[in-house]
Amino acid sequence: MRFVPKSNPSKILIGEPVDPKLDVGLALYQGQEVSVRPFSGSSVLSPGKVTEATETIERILSPLAQAEVGTIRCIGLNVSHNVYPTPKT
(Lines give C-alpha, C1' and ligand atoms only; values in the text may rest on other atoms or scores of the structure.)
Protein backbone atom coordinates (compact mmCIF):
# COMPACT_ATOMS: atom_id res chain seq x y z
CA MET A 1 0.00 0.00 0.00
CA ARG A 2 1.03 3.61 -0.52
CA PHE A 3 0.81 5.82 2.53
CA VAL A 4 2.01 8.97 4.24
CA PRO A 5 3.81 8.12 7.51
CA LYS A 6 3.17 10.02 10.74
CA SER A 7 6.94 10.38 11.21
CA ASN A 8 7.33 12.48 8.04
CA PRO A 9 4.11 13.87 6.48
CA SER A 10 6.01 15.15 3.43
CA LYS A 11 7.13 11.64 2.45
CA ILE A 12 5.25 8.89 0.57
CA LEU A 13 6.14 5.27 1.34
CA ILE A 14 4.94 1.84 0.28
CA GLY A 15 4.68 -1.12 2.59
CA GLU A 16 2.62 -3.88 4.14
CA PRO A 17 0.82 -4.05 7.49
CA VAL A 18 2.74 -5.62 10.36
CA ASP A 19 -0.44 -7.63 11.11
CA PRO A 20 -1.34 -9.43 7.86
CA LYS A 21 -4.88 -10.20 9.12
CA LEU A 22 -5.70 -6.55 9.86
CA ASP A 23 -8.38 -4.82 7.78
CA VAL A 24 -6.40 -1.61 7.25
CA GLY A 25 -9.30 0.47 5.91
CA LEU A 26 -11.58 -0.48 8.79
CA ALA A 27 -8.86 0.08 11.40
CA LEU A 28 -8.09 3.57 10.05
CA TYR A 29 -11.81 4.38 9.83
CA GLN A 30 -12.18 3.41 13.50
CA GLY A 31 -9.26 5.69 14.44
CA GLN A 32 -6.81 2.90 15.24
CA GLU A 33 -3.12 3.25 14.55
CA VAL A 34 -1.83 0.91 11.84
CA SER A 35 1.80 -0.19 11.85
CA VAL A 36 3.44 -0.86 8.50
CA ARG A 37 6.75 -2.34 7.39
CA PRO A 38 7.98 -0.11 4.55
CA PHE A 39 9.59 -1.50 1.40
CA SER A 40 12.88 -0.23 0.01
CA GLY A 41 11.32 0.70 -3.37
CA SER A 42 9.29 3.76 -4.21
CA SER A 43 6.41 2.22 -6.19
CA VAL A 44 4.08 -0.75 -5.87
CA LEU A 45 5.18 -1.55 -9.44
CA SER A 46 8.77 -1.87 -8.20
CA PRO A 47 8.51 -2.41 -4.45
CA GLY A 48 12.02 -3.59 -3.61
CA LYS A 49 12.36 -5.54 -0.37
CA VAL A 50 10.61 -5.24 2.97
CA THR A 51 12.68 -3.39 5.57
CA GLU A 52 12.96 -3.94 9.31
CA ALA A 53 11.68 -0.41 10.04
CA THR A 54 8.15 0.21 11.27
CA GLU A 55 6.03 3.25 10.40
CA THR A 56 2.54 4.33 11.42
CA ILE A 57 0.05 5.41 8.76
CA GLU A 58 -0.96 9.07 8.81
CA ARG A 59 -2.93 8.83 5.56
CA ILE A 60 -3.49 6.00 3.09
CA LEU A 61 -3.14 6.74 -0.63
CA SER A 62 -4.24 5.14 -3.88
CA PRO A 63 -2.13 2.11 -4.91
CA LEU A 64 -0.62 3.94 -7.89
CA ALA A 65 0.69 7.48 -8.15
CA GLN A 66 -0.90 9.64 -10.83
CA ALA A 67 2.31 9.50 -12.89
CA GLU A 68 2.14 5.67 -12.93
CA VAL A 69 -1.33 5.51 -14.45
CA GLY A 70 -1.62 5.48 -18.21
CA THR A 71 -5.01 5.21 -19.88
CA ILE A 72 -8.08 3.98 -18.03
CA ARG A 73 -10.58 2.17 -20.21
CA CYS A 74 -14.11 1.32 -19.11
CA ILE A 75 -16.41 -1.35 -20.51
CA GLY A 76 -19.70 -0.37 -18.86
CA LEU A 77 -21.96 -1.12 -21.84
CA ASN A 78 -20.46 -4.57 -22.27
CA VAL A 79 -21.26 -5.42 -18.65
CA SER A 80 -24.93 -4.42 -19.01
CA HIS A 81 -25.33 -6.93 -21.85
CA ASN A 82 -24.16 -9.71 -19.54
CA VAL A 83 -26.47 -8.67 -16.71
CA TYR A 84 -29.59 -8.48 -18.89
CA PRO A 85 -29.15 -11.06 -21.68
CA THR A 86 -31.32 -10.87 -24.77
CA PRO A 87 -34.26 -13.30 -24.53
CA LYS A 88 -34.09 -16.24 -26.93
CA THR A 89 -36.96 -16.53 -29.41
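Here, the structure is the one placed above.
Residues numbered from 1 in each chain as written. Predicted model: local features only at pLDDT ≥ 70, side-chain atom pairs only at ≥ 80, totals over all residues. Heavy atoms only, no water.

1. Points about the environment of Gly48
Inclusion rule: Here a helix means four or more residues in a row that DSSP labels H or I, a strand means two or more in a row labelled E, and each is numbered from the N terminus. The criterion used for residue contact is that any of the two residues' heavy atoms lie within 4.5 Å.
Its place among the elements puts Gly48 in the loop between β3 (35–38) and β4 (55–60). With 33 residues separating them in the primary sequence, Gly48 and Gly15 have C-alpha atoms 9.9 Å apart. Not counting chain neighbours up to four residues away, the residues in contact with Gly48 comprise Phe39, Ser40 and Gly41.

2. Some thoughts on the side chain of Arg2
Note the following rule: In this scheme, a residue with accessible area under 20% of its type's maximum is buried, one over 50% is exposed, and one in between is partly exposed, where area comes from a 1.4 Å probe on protein chains only. Positive residues here are Lys and Arg, negative ones are Asp and Glu, while His and the chain termini are left out of the count. When a carboxyl oxygen of Asp or Glu is within 4 Å of a side-chain nitrogen of Lys or Arg, the pair counts as a salt bridge. We call two N or O atoms a polar contact when they sit within 3.5 Å, provided that within protein one can donate a hydrogen and the other can accept it, with sequence-adjacent residues counted only if both atoms are side-chain atoms.
In this structure, Arg2 sits in strand β1 (residues 2–5). As a buried residue without a salt bridge, Arg2 has its nearest oppositely charged side chain in Glu68, at a separation of 5.1 Å. A polar side-chain atom of Arg2 sits 2.8 Å from the main-chain carbonyl oxygen of Ser62. Sequence-distant contacts of Arg2, defined by excluding residues within four places in its chain, comprise Ile12, Leu13, Ile14, Val44, Ile60, Leu61, Ser62, Pro63, Leu64 and Ala65.

3. Considering the pairing of β3
The criterion, for reference: Between any two strands, pairing holds if DSSP finds at least two bridges.
Only one face of β3 is covered, namely the one carrying Val36 and Pro38; the face carrying Ser35 and Arg37 has none of its residues buried. Where β3 lies against β4, two bridges are found, and the strand directions are antiparallel. Directly across from Ser35, in β4, lies its bridge partner Thr56.

4. As for the pairing of strand β2 (residues 13–17)
Two elements, β1 and β2, share two bridges in a ladder whose sense is antiparallel. Within β2, the residue paired with Phe3 across the bridge is Leu13. Relative to β3, β2 runs antiparallel, the two sharing three bridges. Of the residues in β3, the one forming a bridge with Gly15 is Pro38.

5. Section: the nonpolar core
Put simply, the test is: We define the nonpolar core as a collection of buried residues of types Ala, Val, Leu, Ile, Met, Phe, Trp, Tyr and Cys that are connected through side-chain atoms lying within 4.5 Å of one another.
Residues Phe3, Leu13, Val24, Ala27, Val34, Val36 and Ile57 constitute the largest nonpolar core, which totals seven residues. In this view, Val34 contacts Leu22, Val24, Ala27, Leu28, Glu55, Thr56 and Ile57; residues no more than four positions away in its chain are not counted.

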